[in-house]
Amino acid sequence: MSDYLWFEGIPFPNLQYEKERLEEIRDKFVIRDEDTIILTYPKSGTNWLTEIVCLIQTKGDPNWIQSVPIWDRVPSIETQKGYPLLINKEGPRLISSHLPFHLFPNSFFSSKAKVIYVIRNPRDVLVSGYFFLSKTKYVKYPESLTTYFEWFLKGNVVYGSWFEHTCAWISMRERDNFLILSYEDIKKDTKSTIKKICDFLGKKLEPDELDMILKYSSFKAMKENKMSNFSLIKEYIAPNGLVLLRKGMTGDWKNHFTVAQAEAFDKVFQEKMAGFPPGLFPWE
Ligand code: A3P
């Protein structure tokens, strides 16, 4: 069990992350106009969207997603493995990141690069994160959901406060190169969401290509795809194996929160997210 690496008020995992690189990413990494960035707070559906975007790229052909690990297809800018892949790649890049607004490459804010930001009910994010962490040696592990619940509300979890991450990023929502999606909407109507992503990225798909994307990005297909289900994650991070595709449902928090926890969460949500238009958060 390792403790966090703290940088600019944000706790990061100790493995795969370095302060110097985080600083370099913010100050020197050049985002190109032709880049596409998948941006999320962890456990919001990052890998689901990644699989969909990869399949849009190949027009539904599953060869790429079935032969290359997901973290090599769409490298994470802030990890030891992803960073060199990205700086050495020529042409348009698919980039993934969980970075909070204030640590994201400064160059993005004057670029035309496209960002897709996925939000998810933070209660489900909390539950998903708790069960995911229980399998890793990545960061300090809470002995109970009650403990993790407290850490989460305080922002004392990897990548910091969900509330701060979300408030800062959704303030970009009026920009043409910024698309907000929710896990809940992707789940409710995956087909329409894929069309929306295609419109945003300027891609056109035939109906049969769309059907292939739906098929290969389904929960079942991703769970079986060893290039996407995290079964290839190295032993030192998760000796007992990692389960990325746990339940894949909305509202699982209701199976885990006590009434008191649900009320406490509501109160914090109302306080911290006040001022955003109704309808922005489809789960509320
Ligand atoms: P649960 O733990 O609630 O099941 P991330 O990729 O950001 O780490 O998010 C992981 C969450 O997304 C997990 O949630 C996982 O099951 C869910 N997920 C991943 N692929 C999915 C898919 N194809 N359909 C539905 N949910 C998916």
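Undergrad: So what exactly am I meant to see when it comes to the pairing of strand E4 (residues 94-97) here?
TA: When a strand is regular, its side chains alternate between the sheet's two faces. Alternating positions in E4 separate into two faces, Leu94 and Ser96 on one and Ile95 and Ser97 on the other, with burial throughout. Here strand E3 (residues 36-40) runs beside E4; their pairing, made up of four bridges, is parallel. Each residue of the ladder has a partner; that of Leu39, found in E4, is Ser97.

Undergrad: How should the sheet that holds E4 be read in this particular structure?
TA: The strands making up a sheet associate through hydrogen bonds between their backbones, and the pairing can be parallel or antiparallel. Taken together, four strands build an open sheet; the order of strands is E4-E3-E5-E6 and the sheet is parallel. Where the open sheet ends on each side, the last strands, each with one partner, are E4 and strand E6 (178-182). For this sheet, the mean angle separating the axes of adjacent strands, direction not counted, is 20°. Its contacts with the sheet put helix H2 (residues 46-57) on E3, E4, strand E5 (114-119) and E6, and the angle it makes with E3 is roughly 165°. Strand contacts of helix H10 (residues 190-201): E3, E5 and E6, with the helix running at about 170° to E6, the strand carrying the most contacts.

Undergrad: Explain the packing of aromatic side chains here, please?
TA: Applying the stated criterion across every chain, the model contains 37 aromatic pairs. Arranged with centres 5.3 Å apart and planes meeting at 65°, the rings of Trp48 and Tyr183 form a pair that is edge-to-face. Pair noted here: Trp48 is in helix H2 and Tyr183 is in helix H9 (residues 183-188), with a separation of 135 residues, a long-range link. Using a relative accessible area of 16% as the deciding quantity, one classes Trp48 as buried. In this structure Tyr183 comes out as buried when scored by relative accessible area, which is 6%. Across from the ring centre of Phe269, 5.5 Å away, lies the NZ or CZ of Arg123, which sits over that ring. Of note, Arg175 hangs over the ring of Phe108, and the distance from its end group to the ring centre comes to 5.4 Å.

Criteria and cut-off values
Residues numbered from 1 in each chain as written. Predicted model: local features only at pLDDT ≥ 70, side-chain atom pairs only at ≥ 80, totals over all residues. Heavy atoms only, no water. Buried < 20%, exposed > 50% of the residue type's maximum accessible area, 1.4 Å probe, protein only. Helix = DSSP H or I, 4+ residues; strand = E, 2+ residues; numbered from the N terminus. Pairing = 2+ DSSP bridges. Axes fitted to C-alpha atoms, helices over the stretch in contact; angles between N-to-C directions. Contact = heavy atoms within 4.5 Å. Phe/Tyr/Trp six-rings, centres within 6.5 Å; stacked < 30°, edge-to-face > 60°. Lys NZ or Arg CZ within 6 Å of the ring centre and 35° of its normal.

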